[in-house]
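Understanding the architecture of this molecule
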Amino acid sequence: MQSPDVIANDAGHQRVTVAALFVAYLAGFGVFIPFFPVWLGFLGLSAGWIAVLVAVPLVIRVLTTSFVADLAERAAAPRQPLLWLSIATVLLFAILPVLDLLGGETFSVSSPWVLLMVIAAMAVGWNALLPLCDALGIQVSKQTGTAYGILRVGGSISFVVVSFAAGVAIDRYGVSIIPWLILAAFSSLIVVSLLLPESVRHKPADAGSAVHAAKMRSGWVFFLRRKGAMSVFIGAGLMQASHAMLYSFGSLSWGSQGFSETSIGLLWAFGVVCEVVLFFVSAPIIARIGARGLLIVGGIGATIRWVAFAFAPDLFATAALQVLHALSFGMTHLALIAYTTRRARPRELRAAQGVYGVVSGALMAAATLAAGPLYEQFGAFSYMAMAGMTALGVAIIVVNRVRIPGGEPNRTA
């Protein structure tokens, strides 16, 4: 039997390494989301191709995440699948900066078809990492009594620091440095995965028992049998998918308004700072208004944000509107974590995250593909279409009469 000091040290190790996992994963996002479309534009691709290439990882998420999440459900320790998926992500993405460096003609990095193949292959592993990180964060949250928001907040801070630093680096060294920055951020996932403790494990079960078979049931089957669950997933998915225009063309649109890369990095960073503040104060908010209230307030905030962005506000006004990122993204994310934690049993959490990943990924992919021709035709005014999506998401949640469990995500139902 372990002593209290050993148990406390082990719990501390779990908290630190899982928090570091979020830091590493969101560091990649801190470069990829704000600046990958900028690099694609630098290569001379059209808005339509940029939208396709940004949508490819989302399509791959729809096709593969649920399957990969179900496979990961079978691993007693999450360290191994996280490590191998991280290695695959790094090796595959490394093809792009290497091709850019070599400057070949047959397999040119500026060829949209080459980009399509590499990004599609890389996205299989990369997409699977986020639901696994979220599920692991929820599991360690329950085991150690640490709020999920506290574990994840380091990742948000990582996004802030990296996006700002990337903007400064791009202003100084040029747009061509972007794929190398993304590769460096992705590589940190391998290091952190190696540091995950073996003590983060699932309780083994008899593979032949009926109980184990029920636990291993697909997340799709489980959630389709929950009354109102898919309405919640679709409503929240629409709110998350409304960020498609921002993720695909936000930086390009801001650049066309004359904002520097450093200013663009600061805008992204400031939005996530507001998200971090929300995570720190999330527990009493969730307890007071529940997941349903979070979704409604978040959707209303997103609608206001996109309507204002449609009129291409100046730098100061854009920065002020970035405060609403805490609502449009932060609140809807916390609501889904609270919902899945209350609805799913411990061994079903990964499958639950996989199901939502498929639903939100399908909606985000469709919105991203639509964003290309919309932006090409209407520019910033295309954000009005995103406002329509969030309004529809709010309507679905309001009409849904099924009680959505609330409460702090680290408690059991």
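Residues numbered from 1 in each chain as written. Predicted model: local features only at pLDDT ≥ 70, side-chain atom pairs only at ≥ 80, totals over all residues. Heavy atoms only, no water.

**Overview of the overall build of the protein chain**
The cut-off we apply is this: Helix numbers and strand numbers start at the N terminus; a helix is a DSSP run of H or I with at least 4 residues, a strand a run of E with at least 2. We call a residue buried when its accessible area falls under 20% of the maximum for its residue type, exposed when it is over 50%, and partly exposed in between, using a 1.4 Å probe and counting protein chains only. Contact definition: two residues touch when any of their heavy atoms are within 4.5 Å. With residues, only the protein chains shown are counted as cover, and all accessible areas are computed by Shrake-Rupley using a 1.4 Å probe.
Check the secondary structure of the protein chain and you find 17 helices and zero strands. By residue count, 58% of the 413 residues in the protein chain fall in the buried class. Considering only residue pairs separated by 6 or more positions, the protein chain has 87% of its internal contacts joining residues 24 or more positions apart. Roughly 16,300 Å² of accessible area belongs to the protein chain as shown, and the carbon and sulfur atoms make up 69% of that amount.

**What to know about the nonpolar core**
Keep this limit in mind: Buried Ala, Val, Leu, Ile, Met, Phe, Trp, Tyr and Cys residues that are joined via side-chain atoms within 4.5 Å together make up what is termed a nonpolar core.
Counting residues in hydrophobic clusters, the biggest one holds 120 residues, and the most contacted among them are Phe36, Trp39, Leu40, Phe93, Leu96, Leu115 and Phe233. Leaving out residues up to four positions away in the same chain, Phe36 has contacts with Val31, Phe93, Leu96, Ile119, Ile178 and Ile182.

**Some points on the packing of helix α4 (residues 95-102) against helix α5 (residues 112-144)**
Under the convention used in this document: To define axes, lines are fitted to C-alpha atoms, for helices over the stretch in contact only, and angles between the resulting N-to-C directions are given on a 0 to 180 degree scale. Any angle between 65 and 115 degrees counts as roughly perpendicular, while under 35 counts as roughly parallel, over 145 as roughly antiparallel, and the rest as oblique. Each residue gets one of three labels, nonpolar for Ala, Val, Leu, Ile, Met, Phe, Trp, Tyr, Cys and Pro, charged for Asp, Glu, Lys and Arg, and polar for the others, Gly among them.
Taken N-terminus to C-terminus, the directions of α4 and α5 make an angle of 150°; their axes are 10 Å apart at the nearest point. It follows from the interaxial angle that α4 and α5 lie roughly antiparallel. Contact with α4, carried on its side by Ile95, Leu96 and Leu99, involves Val114, Leu115, Val118 and Ile119 of α5 and no other residues of that element. Along the lines of polarity and charge, the residues of the contact of α4 with α5 split into seven nonpolar, no polar and no charged.

**Things to note about the packing of aromatic side chains**
Stated formally: The criterion for an aromatic pair is that two Phe, Tyr or Trp rings (for Trp, the six-membered ring) have centres within 6.5 Å, with stacked assigned to planes under 30 degrees apart, edge-to-face to planes over 60 apart and tilted to the rest.
In the structure shown here, the tally under the stated rule is 18 aromatic pairs. On the basis of an interplanar angle of 40° and a centroid distance of 5.9 Å, the ring pair of Phe36 and Trp39 is categorised as tilted. Of this pair, Phe36 and Trp39 both sit in helix α1 (residues 4-42), three residues apart, which is roughly one turn of the helix. On the basis of relative accessibility, which here comes to 0%, the residue Phe36 falls in the buried class. Aromatic rings pair up to connect Tyr25, Phe29, Phe32, Phe36, Trp39, Phe93, Trp126 and Phe186 into one cluster.

**Here's the deal with a nonpolar patch on the surface**
We count it as follows: Patches were defined on residues exceeding 30% relative accessible area and lacking a salt bridge, with like-charge contacts within 9 Å and nonpolar side-chain contacts (Val, Leu, Ile, Met, Phe, Trp, Tyr) within 5 Å. Think of a salt bridge as a Lys or Arg side-chain nitrogen and an Asp or Glu carboxyl oxygen that are within 4 Å of each other.
On the surface, Ile150, Phe270, Val273, Val277, Phe280, Val281 and Val323 cluster together into a nonpolar patch covering about 550 Å² of accessible area. Counting through the fold element by element, Val281 comes out in the loop between α12 (261-280) and α13 (282-309). Judged by relative accessible area, which is 40%, Val281 ranks as partly exposed.

**Thoughts on the environment of Gln322**
As a reminder of what qualifies: The definition of a polar contact used here is a pair of N or O atoms within 3.5 Å, where within protein one atom must be able to donate a hydrogen and the other to accept one, and adjacent residues in sequence count solely through side-chain atom pairs.
By the secondary structure assignment, Gln322 is in the loop between α14 (315-321) and α15 (325-343). Between the alpha carbons of Gln322 and Cys274 there is a distance of 7.9 Å; along the sequence they are 48 residues apart. Beyond its immediate chain neighbours, meaning those up to four positions away, Gln322 contacts Trp254, Leu267, Trp268, Phe270, Gly271, Cys274, Arg305 and Phe309. Of the polar contacts made by the side chain of Gln322, one reaches the side chain of Arg305; its length is 2.6 Å.

**Things to note about α12**
Heads up, the rule is: In this scheme, a helix's expected span is set at 1.5 Å multiplied by one less than its residue total.
Its 20 residues give α12 an end-to-end C-alpha distance of 29 Å, which sits within 8% of 28 Å, the value for a rise of 1.5 Å per residue. The buried count for α12 comes to 14 of 20 residues, which makes it a mostly enclosed element.

**Things to note about unusual backbone geometry**
Its identity as a non-glycine residue notwithstanding, Ala312 has a phi of 45°, on the positive side. Locating Ala312 in the fold gives a position in the loop between α13 and α14. Accessibility expressed as a relative area gives 35% for Ala312, which makes it partly exposed.

**Focus: helix α17 (residues 383-399)**
Operational definition: The directions from the helix axis to the C-beta atoms form the arc being described.
The terminal C-alpha atoms of α17 lie 25 Å apart, and with 17 residues this matches the ideal 24 Å at 1.5 Å per residue to within 8%. Looking only at α17, the buried set comprises Tyr383, Met386, Ala387, Met389, Thr390, Gly393, Val394 and Ile397. The arc enclosing the buried residues of α17, seen along the axis, measures out at 155°, which places them on a common side.

**Some details on the side chain of Glu261**
With respect to the helices and strands, Glu261 occurs in helix α12. Apart from residues lying up to four places away in sequence, Glu261 is in contact with Phe35, Val38, Gly167, Ile170 and Asp171.

**Focus on the environment of Gln14**
Mapped onto the fold, Gln14 is located in helix α1. Take Gln14: its relative accessible area is 5%, and that puts it in the buried class. Taking the C-alpha atoms as reference, Gln14 lies 9.7 Å from Leu195; in sequence the two are 181 residues apart.

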